[in-house]
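# Structure at a glance
Residue-level listing of the chains:
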Amino acid sequence: MGSMREELVLASASPTRARLLAAAGLGFAVEAAGIDEAAVKRRLAAARASAGDCALALAAEKARSVSHRRPAAFVIGADQLLACGEEWFDKPADLAAARAQLKRLSGKTHELATAVCVTRGDEQLWSHLSRPRLTMRILDDAFLDGYLAAEGEAVLGSVGAYRLEGRGVQLFARIEGDHFAILGLPLLELLGFLRERGMLP
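Nothing here was measured: the structure is a model prediction, and the numbers come from that model. (Residues numbered from 1 in each chain as written. Predicted model: local features only at pLDDT ≥ 70, side-chain atom pairs only at ≥ 80, totals over all residues. Heavy atoms only, no water.)

### Re the overall build of the protein
The condition that has to hold: For the purposes of this entry, the term helix denotes a DSSP run of H or I that reaches at least four residues, the term strand denotes a run of E that reaches at least two, and both are numbered from the N terminus. Radius of gyration here uses only the C-alpha atoms, and the compact-globule reference equals 2.2 Å multiplied by the residue count raised to the power 0.38. The buried label goes to any residue with under 20% of its type's maximum accessible area, the exposed label to any with over 50%, and the partly exposed label to all in between, with areas taken from a 1.4 Å probe on protein chains only. Whether two residues touch is decided by their heavy atoms; if any such pair falls within 4.5 Å, the residues are in contact. By the counting rule applied here, Lys and Arg register as positive and Asp and Glu as negative, while His and the ends of each chain are not counted. The atom standing in for a charge is NZ when the residue is Lys, CZ when it is Arg, CG when it is Asp and CD when it is Glu.
Scanning the protein from N- to C-terminus turns up seven helices and eight strands. At 17 Å, the protein has a C-alpha radius of gyration in line with the 17 Å of a compact globule built from 201 residues. Counting the 201 residues in the protein, one finds 48% classified as buried. Considering only contacts in the protein between residues 6 or more positions apart, those separated by 24 or more positions represent 69%. Here the protein contributes 25 positive and 25 negative side-chain charges, whose respective centroids are spaced 1 Å apart.

### Observations regarding helix α7 (residues 187–196)
Taken as a whole, α7 has its buried residues at L187, L190, L191, G192, F193 and L194. Residues of α7 that are buried make contact with β1 (8–10), α1 (15–23), β3 (74–84), β5 (109–120), β6 (123–130) and α6 (179–183). Downstream of α7 by a residue or two, G198 has a phi angle that is positive, lying close to 80°.

### Quick look at the nonpolar core
Grouped burial of nonpolar side chains is what soluble globular proteins tend to show. For clarity, the cut-off: Among buried residues, those of type Ala, Val, Leu, Ile, Met, Phe, Trp, Tyr and Cys that are joined through side-chain atoms within 4.5 Å constitute a nonpolar core.
Membership of the largest hydrophobic core comes to 43 residues, with the highest contact counts inside it found for L102, Y162 and L190. In this structure, L102 is in contact with M136, L139, L144, Y147, L148, G160, A161 and L171, ignoring residues within four places of it in sequence. Grouped together as the second largest cluster of nonpolar side chains are 20 residues, V40, A51, L58 and A113 included.

### Side note on the pairing of β3
The test is simple: Strands are treated as partners if at least two bridges between them are detected by DSSP.
Most of β3 sits out of view: eleven of its eleven residues are buried. Sheet analysis places β1 next to β3, joined by three bridges and oriented parallel. Counterpart to L10 in the pairing with β3 is I76. As defined by bridge partners, β3 adjoins β5 across nine bridges and the pair is classed as antiparallel. By the bridge assignment, A83 is partnered in β5 with E111. Pairing analysis gives three bridges linking β3 to strand β4 (residues 87–89), with the strands arranged antiparallel. Bridging from a neighbouring strand, L82 pairs with F89 of β4. Counting the residues in the hairpin turn of β3 and β4 gives two residues, including G85, whose phi is positive at 65°.

### Describing the packing of aromatic side chains
The cut-off we apply is this: Aromatic contacts are taken between Phe, Tyr and Trp rings whose centres are within 6.5 Å, Trp giving its six-membered ring; a plane angle under 30 degrees counts as stacked, one over 60 as edge-to-face, and the others as tilted.
One pass over the full model with this rule turns up three aromatic pairs. Ring plane angle 15° and centroid distance 5.1 Å describe the contact between W126 and F193, whose orientation is recorded as stacked. Taken together, the residues span a long stretch of sequence, with W126 in strand β6 and F193 in helix α7 at a distance of 67 residues. Side by side, W126 and F193 carry an identical accessibility label, which is buried.

### Considerations on the pairing of β5
With ten of twelve residues buried, β5 lies mostly within the body of the structure. Bridging between β5 and strand β7 (residues 133–136) involves three bridges; their strand directions are antiparallel. When the sheet's bridge partners are listed, T109 is paired in β7 with T135. Both β5 and β6 contribute to a ladder of seven bridges, which runs antiparallel. The residue of β6 that forms the bridge with T114 is S130. Between β5 and β6, which pair antiparallel in sequence order, lie two residues; one of them, G121, sits at a positive phi of approximately 60°.

Structure representation (structure tokens):
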């Protein structure tokens, strides 16, 4: 079906996603999609779409954007949205926003709608949505101050203002779902698809 020479492109500027793919032994190029994510989210929120549908739409939009420029490549698009009740959260703009966000999530369960898709040319070949659920402990002010001082601006790269592979794991009482999806990419499902296409040994 495929060959090892076929080009794989990650349509994401996320260093975590690139690290996950590289650690799994994949050869790939990185090309950020540069789409207007906020506009897509506004449109879908107005249409009362679910966080999962929005994450899938954003992943597909990113992949399509890069596919137009590289039509022969297999392009991986991915996106993650944090939903707590009816509210969607974006990456915090600064540490004050991160603190406010963590206060709102404290003691509650949120979902990380994590989508991945693969396109080639004009065709979407495959997509997958994973929805891990994470329950935060009740976080007091002293803990939050210490946590944010230790983690610093690293938390601004995550929709939840935490890195589970770092001190962020201390925020949680319970975690249900795929670890790779929590980090931003449903990796096992993606590897399964690439194997079926003959792109992995």
